[in-house]
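Here are the chains, one letter per residue:
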Amino acid sequence: MPAKGKHRRPKQNPITRKLALAGTGGAALTLPLISATTAGAVGTNAPAAAVTSVTAATAVNVAAAPPTTYSVVVGDTLSEIAADHSVSGGWKQLYEANRAVVGDNPSVIRPGIKLTLGAKEKAATAAGTAAKAAAKPASSYANNLDGWIRESLDVMAKHGIPGSYNGIHRNVMRESSGNPKAINLWDINARNGIPSKGLLQVIDPTFKAYHVPGTSTDSYDPVANITAACNYAAARYGSIDNVNGAY
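Residues numbered from 1 in each chain as written. Predicted model: local features only at pLDDT ≥ 70, side-chain atom pairs only at ≥ 80, totals over all residues. Heavy atoms only, no water.

Asks: Can you help me understand the pattern of salt bridges in this one?
Replies: It is possible for side chains bearing opposite charge to pair when their charged atoms get close. Scanning all chains against the criterion turns up 4 salt bridges. A salt bridge links arginine 150 to aspartate 146; its shortest N-O distance comes to 3.0 Å. Within this pair, arginine 150 and its partner aspartate 146 are both found in helix H7 (residues 145–158), separated by 4 residues, close to a single helical turn. On the basis of relative accessibility, which here comes to 43%, the residue arginine 150 falls in the partly exposed class. What makes aspartate 146 partly exposed here is its relative accessible area of 29%. Lysine 197 serves as the salt-bridge partner of aspartate 204, at 3.1 Å between the closest nitrogen and oxygen. (Salt bridge = Lys/Arg side-chain N within 4 Å of Asp/Glu carboxyl O. Helix = DSSP H or I, 4+ residues; strand = E, 2+ residues; numbered from the N terminus. Buried < 20%, exposed > 50% of the residue type's maximum accessible area, 1.4 Å probe, protein only.)

Asks: Please explain the packing of aromatic side chains as it appears in this structure.
Replies: The description of an aromatic ring pair uses the distance of the two centres, along with the angle that the planes make with each other. Under the counting rule described, the total for this entry stands at 1 aromatic pair. Centroid distance tyrosine 210 to tyrosine 232: 5.3 Å. Interplanar angle 75°. Geometry classified as edge-to-face. Taken as a pair, tyrosine 210 in helix H10 (residues 204–210) and tyrosine 232 in helix H11 (residues 222–237) lie far apart in primary sequence, 22 residues in all. By relative accessible area, tyrosine 210 is classed as partly exposed at 26%. Taking the relative accessible area as the measure of exposure, tyrosine 232 reaches 13% and is therefore buried. (Phe/Tyr/Trp six-rings, centres within 6.5 Å; stacked < 30°, edge-to-face > 60°.)

Asks: How do you make sense of the packing of H7 against helix H8 (residues 165–176) when you look at a structure like this?
Replies: Packed helices, taken two at a time, are described by the angle between their axes plus the distance between the axes. Running from amino to carboxyl end, H7 crosses H8 at an angle of 130°, the nearest separation of the two axes being 10 Å. Taken together, the axes of H7 and H8 lie oblique to each other. Read as a crossing pair, H7 and H8 show a hand that is right-handed. Facing Leu145, Asp146, Ile149, Arg150, Leu153 and Met156 of H7, the residues of H8 in contact are Tyr165, Ile168, His169, Val172 and Met173. (Axes fitted to C-alpha atoms, helices over the stretch in contact; angles between N-to-C directions. Parallel < 35°, antiparallel > 145°, perpendicular 65-115°, else oblique. Left-handed = near helix turned anticlockwise from the far one by under 90°. Contact = heavy atoms within 4.5 Å.)

Asks: Is there a simple way to think about the nonpolar core in this case?
Replies: Within soluble globular proteins, side chains that are nonpolar tend to cluster in buried spots. Membership of the largest hydrophobic core comes to 22 residues, with the highest contact counts inside it found for Ile168, Ile226 and Cys230. Of all the elements in the fold, those that place two or more residues in this core are H7, H8 and H11. Here this core takes 7 residues from H11, the largest share from any one element. Core analysis: the second largest hydrophobic core is formed by 15 residues, Tyr95, Val102, Leu115 and Leu117 among them. (Core = buried A, V, L, I, M, F, W, Y, C linked by side-chain atoms within 4.5 Å.)

Asks: Is there a simple way to explain a nonpolar patch on the surface in this structure?
Replies: A cluster of nonpolar side chains, namely Ile183, Leu185 and Trp186, defines an oily patch on the protein surface of about 360 Å² accessible area. By the element assignment, tryptophan 186 lies in the loop between H8 and helix H9 (188–191). Given a relative accessible area of 63%, tryptophan 186 falls into the exposed group. (Patch = residues over 30% accessible without salt bridge, like charges linked within 9 Å, V, L, I, M, F, W, Y side chains within 5 Å. Areas by Shrake-Rupley, 256 points an atom, 1.4 Å probe, with all protein chains shown as cover.)

So this is what it looks like as structure tokens:
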């Protein structure tokens, strides 16, 4: 029972907590609901709740911050503390991290002990996430003809396929007017059942033979179509830049 005149936050009725838990379904785990009591407490004057917050200034600063701690007061439970401070893994993780100070019974916690809430682990995770985000290059390709050509050129450079922006653009405009879904249904290829498709009007056998790894296997895909066509043009004409008519 708190000392006279001491103000504490209102606590949820234990029965209400048990009913709320029961309503979660048969798979629910029973959390420890026994409050921290004065029985066996170390000292009679329990310190007020004290939380050292971790700021989110930068990933580096957060990672270097000390772990967040919480001083147990009369009436606390591990499940309530875990919920109040959004501890990852809930009361079980909180107990495992503080078993040495809590003891063998997670249902009984002594007022005055300090619990580590795992801020150090969270900070490290935040720093790792930020580092991954910084390392991941942002997409710089627009979803239009300009972007498709530029992305194709980057893929071509990785595979040693020659070609220039102007050479690709010139042939695309002649072959399909920039329509990635263009298809020729009247020439000899169409009559043979293998119509020319896509931005650079590639037939399926040619697309499959000159498909470049890392691009889509859909011959209508703009980047895959351009890259396969340029790969074919490089093998037959030296470069897409040398193509000025049907190829």
